[in-house]
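So you can see what is in the structure, the chains are spelled out below.
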Amino acid sequence: MKSHSTLRVARVVAAKDLRIEMRSRVVTNQVVPFAALVMVMFAFALDDDTMLERVGGGLVWLATLFSLFIIIQRSFVIETTDGALDALRVAGVDAAGIFLGKAAALVVQLLILETTLVGGAIVLYRVQVQPTSIVLLVTCMLLATLGLAFVGTLFGGLAAGMRGRETLLPLLLLPAIAPVLIGATKATEAAFGISGMVTSEGWPWVGLLAVFAAVFGVGGLSAFGPLIEE
Amino acid sequence: MTPGNIVEMHDAVVVYGDYPALAGVTFNVSKGEILLLQGANGAGKTTLLRACAGLTPIVRGTAVVLGHDLRTDRNSVRHRVGLLGHNNGLFSDLTIRENVTFWSRLVGASDEEIEAALERMGIDGRLANVRVGELSAGQKRRCSLANLVVRRAELWLLDEPHAGLDTRGRDELDAILRQAVASGATVVLASHEIERSRQLATRVVQVSGGQVRDRS
């Protein structure tokens, strides 16, 4: 729609998604407890304090990725249940705006989740965040979240109209988000000071996360429209 | 395009793979009409509505909707038409007012336009604050029509709009459509509710085997 500026559409779509989340509380009442349970299960399975401390960074991001699938499915179920995504498409609403709006809502939800999980890792796995590493950790979380939100929205939109999307989405997403898992884990380990890593060792991985977010951000802006078209 | 015509198609062809879903459709829709597309399942009614909305590409022939050539400029048509299919396109966790407000914010409509759209659909203040998930089928349909109003859709394309509604809901819908036309909209609907829709329509065309026969 010509009268729709991309940013206005993004703002309206993000506000709508967050309002629906605030009302349904799926993330706070279901996804966050699920992710916390995953963290506890990891602790039971590994059952070794030293090991848990060493792999704590990776476990935080694994739990985030598992939860990501649920959040993305939910993000697109609200669009497809009664044909709302079709209605947006029919109305010619700027697809780049829809992409940005849904990604922005995902960013907020993922940041809440990740903050809880990092807190959980500190309590359960006894990892420690060095005061000098807080900037690294926050930057890592922001960029990883941005990348996950972009790629999640892109693939969520792709799978939204497909049969078997519940099983298809993880299959599509997992290979695509492997760089985020690796980069975020390494940067988080540096922030936690695991195995003698220092903060400066985390920044190159943050660079990888920035490149990933930029590639999928730009790719998503241009590809989301054709993907949700017939 | 002939003045007064909202839709003009001449030998328009739509194909799904190798299957011709519309095999040379020729018909016009004038401004202010309520046009009924009548035909059996699979006749091509839904495809014709989707083609008019610029969703399904026309591969041959000519097709102009609201002054835009659908073969070269179908995206420009979309924001001026409203297509209401079997789904309502609503968010069940939001209230009626929030659903309508969502669309109004997308198109830059004012709060006054929201209130006017709700009033036109007979949605009072109490009902407007009820979550869509708790509404009857008729109330949901009124909400989705309010979205068309607030979007300022000039051409309403309705696929089985009476489906799922009780008698009262159907009466209300008919009144809303007549009022929409009186307010300047044009309506094309496909329906199996033959008698009711014929009373509502100003003209009936028969769709059969992907072709259109004007019975006016």
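Rules behind the numbers
Residue indices follow the written sequence of each chain, beginning from 1 at its first position. Whichever chain is written first becomes A and whichever ligand is written first becomes 1, with later ones labelled in order. This being a predicted model, a pLDDT of at least 70 is required before a residue's local features are given, and a value of 80 or more before pairs of side-chain atoms are given or counted; all residues contribute to the totals for chains, interfaces and linings. Numbering of helices and strands starts at the N terminus; helices are DSSP runs of H or I of at least 4 residues and strands are runs of E of at least 2. The reference for a compact globule is 2.2 Å times residues^0.38; the radius of gyration itself is calculated from the C-alpha atoms. Backbone-placed C-beta atoms define the burial measure: a residue is buried with 20 or more other C-beta atoms within 10 Å of its own, exposed with 12 or fewer, and partly exposed in between. Contact criterion: two residues are in contact if their C-beta atoms, reconstructed from the backbone, are within 7 Å. Under the grouping applied here, Gly and all other residues not named as nonpolar or charged are polar, the nonpolar ones being Ala, Val, Leu, Ile, Met, Phe, Trp, Tyr, Cys and Pro and the charged ones Asp, Glu, Lys and Arg. Note on method: axes are straight lines fitted to C-alpha atoms, helices fitted across the in-contact stretch only, with angles between N-to-C directions ranging 0 to 180 degrees. Any angle from 65 to 115 degrees is called roughly perpendicular, while one under 35 is roughly parallel, one over 145 is roughly antiparallel, and all others are oblique. If you view the pair so one helix is near and one far, a crossing is left-handed when the near helix is turned anticlockwise from the far one by less than a right angle, and right-handed when it is turned clockwise. The pairing criterion for strands is at least two bridges between them, as found by DSSP. A set of buried Ala, Val, Leu, Ile, Met, Phe, Trp, Tyr and Cys residues, joined through C-beta atoms within 7 Å, is what we mean by a nonpolar core. In this scheme, the bend at a residue equals the angle between the axes fitted to the seven residues that finish there and the seven that begin there.

Visitor: What exactly am I supposed to notice about the overall build of chain B here?
Guide: If you tally the helices and strands in chain B, you get eight helices and ten strands. For a compact globule of 216 residues, the expected C-alpha radius of gyration is about 17 Å, and chain B comes in at 17 Å, within 12% of that figure. If one aligns the C-alpha atoms of chain B with their principal axes, the spans along those axes are about 50 × 35 × 35 Å. Residue burial in chain B is summarised as follows: out of 216 residues, 51% are buried.

Visitor: Explanation requested: the interface of chain B and chain A in the structure shown.
Guide: By convention, interface size is frequently given as the accessible area that disappears when the constituent parts associate. Contact residues are listed per partner, giving 22 residues for chain B and 23 residues for chain A. Those elements that provide at least two residues to the side of chain B that touches chain A are helix H2 (70–78) and helix H3 (96–107) of chain B. Counting residues per element, the side of chain B that touches chain A draws most heavily on H3 of chain B, which supplies five residues. Among the residues forming the side of chain B that touches chain A, the class breakdown is nine nonpolar, eight polar and five charged.

Visitor: What is the right way to look at the packing of helix H3 (residues 49–80) of chain A against helix H6 (residues 134–160) of chain A in this model?
Guide: For any two helices packed against each other, the geometry is given by the interaxial angle and the distance between the axes. Residue and element names in this part refer to chain A. Viewed as axis vectors pointing N to C, H3 and H6 meet at an angle of 50°, and their least axial separation amounts to 10 Å. Looking at the two axes, H3 sits oblique to H6. Every pair of crossing elements has a handedness; the one defined by H3 and H6 is right-handed. Here H3 contributes Leu-68, Ile-72, Ser-75, Phe-76, Glu-79 and Thr-80 to the contact with H6, which in turn contributes Leu-148, Gly-152, Gly-156 and Ala-160. Considered class by class, the residues forming the contact of H3 with H6 number five nonpolar, four polar and one charged.

Visitor: I keep staring at the pairing of strand E2 (residues 19–30) of chain B and nothing clicks. Help me out?
Guide: Successive side chains on a regular strand alternate, one facing one side of the sheet and the next facing the other. All names here are of chain B. Relative to E2, strand E1 (residues 5–16) is paired through nine bridges, and the arrangement is antiparallel. Its bridge partner lying in E2, Val-7 is registered against Val-29. In this structure, the hairpin formed by E1 and E2 is closed by a connection of two residues, where Gly-17 is found at a positive phi of approximately 70°.

Visitor: I keep staring at the environment of Gly-24 of chain B and nothing clicks. Help me out?
Guide: Residues and elements named next belong to chain B. With respect to the helices and strands, Gly-24 occurs in strand E2. Among the residues examined, Gly-24 registers 15 C-beta atoms within 10 Å and is labelled partly exposed. For the pair Gly-24 and His-10, spaced 14 residues apart in sequence, the C-alpha to C-alpha distance is 7.2 Å.

Visitor: How do you make sense of the nonpolar core when you look at a structure like this?
Guide: Generally speaking, soluble globular proteins have nonpolar side chains that are buried together. One finds Cys-140 and Leu-209 of chain A together with Cys-52, Val-65, Ala-146 and Leu-157 of chain B to be the most contacted residues of the largest nonpolar core, which totals 149 residues. Tallying contributions element by element places H6 of chain A first for this core, with 15 residues. The contact partners of Ala-146 of chain B, leaving out residues within four places of it in the chain, are Val-100, Ala-117, Leu-118, Met-121 and Ile-123 of chain B.

Visitor: I keep staring at the sheet that holds strand E5 (residues 68–69) of chain B and nothing clicks. Help me out?
Guide: Picture the strands of a sheet paired through backbone hydrogen bonds; they go either parallel or antiparallel. Residues and elements named next belong to chain B. Taking strand neighbours across the sheet as the criterion, the four strands line up as E2-E1-E4-E5 in an open arrangement whose pairing is antiparallel. Here the strands that pair on one side only, and so sit at the sheet edges, are E2 and E5. Against the sheet, helix H1 (residues 45–52) engages E1, E2 and strand E4 (60–65), with an angle of about 60° to E2.

Visitor: Even after reading the chapter, I still don't get the environment of Val-9 of chain A, so can you show me in this structure?
Guide: Residues and elements named next belong to chain A. Position of Val-9 relative to the elements: it lies in helix H1 (residues 6–24). Judged by the 23 C-beta atoms lying within 10 Å of it, Val-9 falls in the buried class. Counting along the chain gives 82 residues from Val-9 to Ala-91, while the straight-line C-alpha distance between them is 12 Å.

Visitor: How should helix H7 (residues 165–192) of chain A be read in this particular structure?
Guide: Residue pairs three or four apart in sequence face the same way in an α-helix, which turns once every 3.6 residues. Ile-177 of chain A marks the point of greatest bend in H7 of chain A, at about 45°, and the proline Pro-179 of chain A comes within the next four residues. Following H7 of chain A by one or two positions, Gly-193 of chain A has its phi on the positive side, about 70°.

As far as function goes, none of this settles anything; it's purely spatial.
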